[in-house]
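Chain and residue survey
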Amino acid sequence: SKDKKIRGFVWYENTGGSWYSNCSVIQYKTLNGKTFAHSLMDGLMHNGEYYESVYKLKSKNNLYLIKAGVRGCNTCCAEMMYVLQLTKDSADFNYPAFPGNSPYHKVDARCGNITEFSFDEAKQTIKVQYGEDDISTSMYSDTLKFINGAVNYLLEFDGKTFKQK
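The structure displayed is predicted, hence computed values, not measured ones. (Residues numbered from 1 in each chain as written. Predicted model: local features only at pLDDT ≥ 70, side-chain atom pairs only at ≥ 80, totals over all residues. Heavy atoms only, no water.)

**Focus on the pattern of salt bridges**
Cut-off, in case you're wondering: Just to be clear on terms, a salt bridge is a Lys or Arg side-chain nitrogen sitting within 4 Å of an Asp or Glu carboxyl oxygen. Note on exposure labels: buried denotes an accessible area under 20% of the residue type's maximum, exposed denotes more than 50%, and partly exposed covers the range between, all computed with a 1.4 Å probe on protein chains only.
Tallying each qualifying case throughout the model produces seven salt bridges. K106 is paired through a salt bridge with D108; the nearest N and O atoms lie 3.4 Å apart. The pair K106 / D108 is uniform in exposure class, with both members buried. For the salt bridge of E156 with K165, the shortest nitrogen-to-oxygen distance reads 3.5 Å. Here E156 falls in the partly exposed class, since its relative accessible area comes to 31%. The exposure class of K165 is exposed, given its relative accessible area of 60%. One salt-bridge network, in which partners are shared between bridges, spans E52, K67 and E79.

Set out below in structure tokens:
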């Protein structure tokens, strides 16, 4: 993160085969200033996920958005974002930031079909766009419609949680 309170470390396991597995560790500094490391070897949402970016959310609750992904096989990919909360003496990796009180938002699709999965730091929004395929799903699949073979939606942060816009 820009404030250097959260750092991610990722090692590609190079295990062979079609599964792209990573070992991941998140290092964080609590509000008391102590530094801890949290092993994510089993992943928060998928085994073998990698971490790309960390953003401080505009909140009074010491919240951070972490962008992650996974490549499950030669053609299966997922993009995800989850929120963690720094507390006085630890970190909450289960902060309910998304609809349904979920700590993360995820899209599964064939690699290349997720055309946008980005966070706008200034607007505090997540933009999602992906194409329809045989495995494409979103956390909101029940409420979304494919238009011309694609799904587009925006999640907006209100200081506590993300809401579908």
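**A short note on the pairing of strand β5 (residues 63-71)**
Spelled out, the test is: Each helix corresponds to a stretch of at least 4 residues labelled H or I by DSSP, and each strand to a stretch of at least 2 residues labelled E; elements are numbered beginning at the N terminus. When DSSP locates at least two bridges between a pair of strands, those strands are taken to pair.
Counting buried residues in β5 gives eight out of nine residues, a clear majority hidden from the surface. As paired elements, strand β4 (residues 50-56) and β5 share six bridges and run antiparallel to each other. Residue Y55 lies in a different strand from β5, and its bridge partner there is L65. Hairpin remark: β4 followed by β5, antiparallel, with six residues in the connecting loop; positive phi at N62, about 55 degrees. As paired strands, β5 and strand β6 (residues 76-86) are joined by nine bridges and run antiparallel to one another. Residue K67 lies in a different strand from β6, and its bridge partner there is M81.

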